[in-house]
Amino acid sequence: MFRSVLIANRGAIACRIQRTLARMGIESVAVYSEADRHARHVRQAARAVCVGPPPVAQSYLDVERIVAACIETGAEAVHPGYGFLSENAAFAERLADAGIRFVGPRPEHMRVFGLKHTAREAASACGVPLLPGTGLLHSVDEATAAAERIGYPVMIKSSAGGGGIGLQLCRAAEDLPALFETVKRLSRSNFKDDAVYLERYVDRARHVEVQIFGDGAGTVVALGERDCSLQRRNQKVVEETPAPNLPPATRQAMLEAAVRLGRHVSYESAGTVEFIYDEERDEFSFLEVNTRLQVEHGVTEEVTGVDLVEWMIRQAAGELPDLAARVPEPRGASIQVRLYAEDPGKGFLPCAGLLTHVAFPDDARVDGWVETGTEVSAFYDPMLAKIIVRADDRDAALARLRAALARTEVHGIETNLDYLRAIAGSELLACARVSTRALGAFAHVPPTIDVLAPGAQTTVQDWPGRIGYWHVGVPPSGPMDALSHRLANRLLGNPSGAATLEITLTGPTLRFNHAAEICLAGAEMAATLDGAAVPWLTPIAVAAGQTLA
């Protein structure tokens with residue numbers, strides 16, 4: 001077994017891998033950029049090496065710096081996690097040249113599945129169902145002819161890359177030329193490869209994937225399937241296993257197809273075979289293969305009891321016992337949601353800043369990297385944590401998820417926590433009426449107010465304030481006009497101590513993202529709601545979208 005393993009990643013996945021390494025008695029080596037010098041995965045590592053400035057191209061994606069860190073620390077293997085260099089065949093080969101083991105699939109597996117058109121060819125060769133589609137297309141004219149043959153709507157897809165980048169839905173012939181060029185441009189700028197192909201579009205598609213593991217010598221096993229249909233802009237939000245409302249015969253056929261594809265290439269280590277499932281036709285079709293650990297691997301671990309990271313490490317060390325004899329029967333149900341530093345009220349714009357308070361429930365699995373005092377950088381993916389629950393059945397797992405989210409607290413910056421709570425409590429999820437488009441129509445109004453102008457000397461006050469702390473240097477505080485503070489709260493039916501905005505010089509300009517009720521009290525000043533004067537000492541209903549000045 002390895003004495004030390006370097007983790008070529010950051011954030012939640014780095015902390016997740018460290019947990020397994022610690023249990024196995026293996027030293028973990030962290031790499032970090034200057035922006036991550038105080039991150040949890042750096043503090044938890046036995047040794048840590050700075051690999052460059054914050055931009056990923058100069059740090060986490062710099063192959064030579066990662067290799068140099070291995071040599072400097074004597075790391076015998078590298079676990080790449082997900083993202084970054086996890087599916088980079090050249091990186092795996094460079095490590096091999098330096099005598100360092102790559103914990104993951106072989107380079108040829110990354111290459112055959114790294115481009116979607118070659119992945120389709122491999123799937124076709126072993127009888128895995130495919131959506132009607134094309135090979136690589138070299139011109140708009142080729143694409144137009146192919147789309148007419150397949151029938152609209154069609155998906156225009158980049159052959160390289162992943163993560164939802166380089167996908168465009170085309171519903172009509174007149175839209176195809178512009179969308180075709182858009183996909184080529186995105187693919188060229190993001191993946192340095194502008195190869196494009198078409199597939200038939202399934203209007204109410206579900207995204208179901210199968211977790212496989214191979215020993216590299218022809219034995220490949222399936223560890224169940226996951227439903228990842230609830231997505232926002234092609235990015236997964238909720239993942240669960242087993243996939244709900246999936247006919248048993250279809251589930252079995254999907255598992256067998258995934259194993260057949262893995263055996264076809266003598267797949268090694270962890271991988272995921274992804275399918276599009278057409279619920280109306282009860283048909284599944286091959287989508288792609290991810291030659292790495294998936295973000296959602298935790299739900300599979302929860303129902304199987306398998307530590308996939310440990311399996312990967314033992315496989316890389318040549319110490320994984322008979323694979324076929326180690327496959328447990330999945331038990332129960334598990335659901336995961338992804339907590340992001342993003343603002344649902346502003347089109348899910350990523351957010352950065354200081355987390356002033358973080359608390360997670362003790363009875364849920366949380367794969368994360370943040371805590372009170374963490375500085376969330378603008379340089380990296382905004383995922384803060386994965387909140388994972390397990391129960392004996394799906395209904396019980398949903399109840400646990402709702403309870404876990406209710407007890408999760410993240411303050412300091414905007415997150416999608418309220419959005420996740422709304423999804424968890426929705427009839428959409430309860431009835432498993434899921435598809436890759438379902439969240440596009442999911443109505444969520446964040447209970448927030450945008451501060452368009454802060455107002456000089458406008459403060460948040462509650463009553464009676466911070467009293468009784470003079471002896472430790474905190475003077476009495478609270479509102480200057482405690483009577484008006486309490487009177488406004490009484491008119492609104494609030495507790496007397498509820499927080500208010502106290503204005504002493506210039507008032508703020510506030511845009512309400514949700515319906516609310518307000519009351520103005522104290523000394524009168526000019527105040528307007530969408531330009532109309534606001535009366536004093538009167539509860540006023542404010543509609544979503546209105547602006548108070």
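Up top you'll find the structure we're talking about.
Calculation notes
- Residues numbered from 1 in each chain as written.
- Predicted model: local features only at pLDDT ≥ 70, side-chain atom pairs only at ≥ 80, totals over all residues.
- Heavy atoms only, no water.
- Helix = DSSP H or I, 4+ residues; strand = E, 2+ residues; numbered from the N terminus.
- Rg over C-alpha atoms; globule rule 2.2 N^0.38 Å.
- Buried < 20%, exposed > 50% of the residue type's maximum accessible area, 1.4 Å probe, protein only.
- Contact = heavy atoms within 4.5 Å.
- Pairing = 2+ DSSP bridges.
- Phe/Tyr/Trp six-rings, centres within 6.5 Å; stacked < 30°, edge-to-face > 60°.
- Axes fitted to C-alpha atoms, helices over the stretch in contact; angles between N-to-C directions.
- Parallel < 35°, antiparallel > 145°, perpendicular 65-115°, else oblique.
- Nonpolar A, V, L, I, M, F, W, Y, C, P; charged D, E, K, R; others polar.
- Patch = residues over 30% accessible without salt bridge, like charges linked within 9 Å, V, L, I, M, F, W, Y side chains within 5 Å.
- Areas by Shrake-Rupley, 256 points an atom, 1.4 Å probe, with all protein chains shown as cover.
- Salt bridge = Lys/Arg side-chain N within 4 Å of Asp/Glu carboxyl O.
- Polar contact = N/O pair within 3.5 Å; in protein donor to acceptor, adjacent residues only side chain to side chain.
- Left-handed = near helix turned anticlockwise from the far one by under 90°.
- Core = buried A, V, L, I, M, F, W, Y, C linked by side-chain atoms within 4.5 Å.
- Expected span 1.5 Å × (residues − 1).

Brief notes about the overall build of the protein
Broken down by element type, the protein carries 15 helices and 33 strands. In summary, the protein has a C-alpha radius of gyration of 27 Å against a globular reference of 24 Å for 549 residues, a match within 12%. Overall size of the protein, expressed as C-alpha extent along the three principal axes, is 80 × 60 × 45 Å. Taking all 549 residues of the protein together, 52% fall into the buried category. A fraction of 64% describes how many contacts in the protein between residues 6 or more apart in sequence connect residues 24 or more apart.

Some remarks on the pairing of strand 10 (residues 220-227)
Burial within strand 10 is extensive, with seven of its eight residues counted as buried. Looking at chain direction, strand 9 (residues 205-215) and strand 10 are connected through six bridges and run antiparallel. Residue Ile 212 lies in a different strand from strand 10, and its bridge partner there is Ala 222. If you look at the hairpin formed by strand 9 and strand 10, you'll find four residues sitting between the two strands, and Gly 216 has a positive phi there, around 80 degrees.

Focus on the packing of aromatic side chains
Under the criterion given, the structure shown has eight aromatic pairs. Seen in terms of ring centroids, Tyr 60 and Tyr 380 are 5.6 Å apart; in terms of plane orientation they differ by 80 degrees. Their pairing is edge-to-face. With a gap of 320 residues between them, Tyr 60 in the loop between strand 3 (47-52) and helix 3 (63-73) and Tyr 380 in the loop between strand 22 (375-376) and strand 23 (383-391) connect regions that are remote in the sequence. In terms of burial, Tyr 60 and Tyr 380 fall into one category: buried.

As for the packing of helix 5 (residues 107-114) against helix 6 (residues 116-125)
Across the interface, helix 5 lies against helix 6 with an axial gap of 5 Å and an inter-helix angle of 100 degrees. Judged on the interaxial angle alone, helix 6 and helix 5 are roughly perpendicular. Counting all contacts with helix 5, which are made through Arg 111, Val 112, Phe 113 and Gly 114, the residues of helix 6 involved are Lys 116, Thr 118, Ala 119 and Ala 122. By residue class, the composition of the contact of helix 5 with helix 6 is four nonpolar, two polar and two charged.

Overview of the sheet that holds strand 3
Picture the strands of a sheet paired through backbone hydrogen bonds; they go either parallel or antiparallel. The parallel open sheet is built from five strands, whose spatial order is 3-2-1-4-5. The sheet is open, and its two borders are formed by strand 3 and strand 5 (101-102), each paired with just one other strand. Of the strand pairs in this sheet, strand 1 (residues 4-7) and strand 4 (residues 77-79) are connected by three bridges, and their pairing is parallel. Residue pairing across strands places Ile 7 opposite His 79, the latter belonging to strand 4.

Observations regarding helix 15 (residues 482-492)
All of the buried residues in helix 15 are Ala 482, Ser 484, His 485, Ala 488 and Asn 489. Residues of helix 15 that are buried make contact with strand 26 (458-461) and strand 27 (500-503). Remark: Gly 493 follows helix 15 within two positions and exhibits a positive phi of approximately 80 degrees.

A short note on a nonpolar patch on the surface
Nonpolar side chains collect at one region of the surface, where Tyr 469, Val 472 and Val 474 lie side by side and expose about 270 Å² of accessible area between them. Locating Val 474 in the fold gives a position in the loop between strand 26 and helix 15. Residue Val 474 is classed as partly exposed on the basis of its relative accessible area of 34%.

Structural notes on unusual backbone geometry
Peptide bonds are mostly trans, and most non-glycine residues show a negative phi. Here the bond from Tyr 152 into Pro 153 is cis, since omega is 0 degrees, no more than 30 degrees from zero. Its location among the elements puts Pro 153 in the loop between helix 7 (140-150) and strand 6 (154-158). Cis geometry marks the peptide bond from Thr 241 to Pro 242; its omega dihedral reads -5 degrees. Here Pro 242 shows up in the loop between strand 13 (238-241) and helix 9 (248-264). One non-glycine residue, Phe 84, adopts positive backbone phi at about 50 degrees. Here Phe 84 shows up in the loop between strand 4 and helix 4 (89-97).

Some words on the environment of Glu 93
Within the secondary structure, Glu 93 is located in helix 4. Separated by 13 residues in the primary sequence, Glu 93 and Arg 106 have C-alpha atoms spaced 8.9 Å apart. Other than its neighbours up to four places away in sequence, Glu 93 contacts Pro 107 and Arg 111. Only 2.7 Å separates the side chain of Glu 93 from the side chain of Arg 111, close enough to count as a polar contact.

So, the packing of helix 3 against helix 4
Across the interface, helix 3 lies against helix 4 with an axial gap of 11 Å and an inter-helix angle of 35 degrees. Pair helix 3 / helix 4 crosses with right-handed handedness. Contact with helix 3, carried on its side by Val 63, Glu 64, Ile 66, Val 67 and Cys 70, involves Phe 91, Arg 94 and Leu 95 of helix 4 and no other residues of that element. Partitioned by chemical class, the residues of the contact of helix 3 with helix 4 number six nonpolar, no polar and two charged.

Considerations on the nonpolar core
Of all hydrophobic cores here, the largest spans 69 residues; its most connected members are Phe 213, Leu 230 and Ile 423. Per-element tally for this core: the top contributor is helix 1 (residues 11-24), with seven residues. Each residue touching Leu 230, except ones within four places of it in the same chain, is listed here: Gln 235, Lys 236, Val 237, Val 238, Ile 423, Leu 428, Leu 429, Val 434, Ser 435, Ala 438 and Leu 439.

So, helix 9
Its 17 residues place the ends of helix 9 24 Å apart at the C-alpha level, agreeing with the 24 Å of an ideal helix rising 1.5 Å per residue. Those residues of helix 9 that sit buried are Thr 250, Met 254, Leu 255, Ala 257, Ala 258, Val 259, Leu 261 and Gly 262. Here the buried face of helix 9 lies against helix 5, helix 6, strand 9, strand 10, strand 14 (268-278) and strand 15 (283-290). Ser 266 lies just past helix 9 and shows a positive phi near 50 degrees.

Things to note about the sheet that holds strand 6
Here we have three strands laid out as an open sheet, ordered 7-6-8, and antiparallel in their pairing. Where the open sheet ends on each side, the last strands, each with one partner, are strand 7 (167-170) and strand 8 (196-200). Between one strand axis and the next, the sheet turns by 25 degrees as a mean value, whatever way the strands run. Pairing of strand 6 with strand 7 involves four bridges; the strand directions are antiparallel. Bridge pairing in strand 7 links Ile 156 to Gln 168. The strands that helix 7 touches are strand 6 and strand 8; relative to strand 8, the one it contacts most, it runs at about 15 degrees.

Without other data, these values stay purely geometric and don't point to any function.
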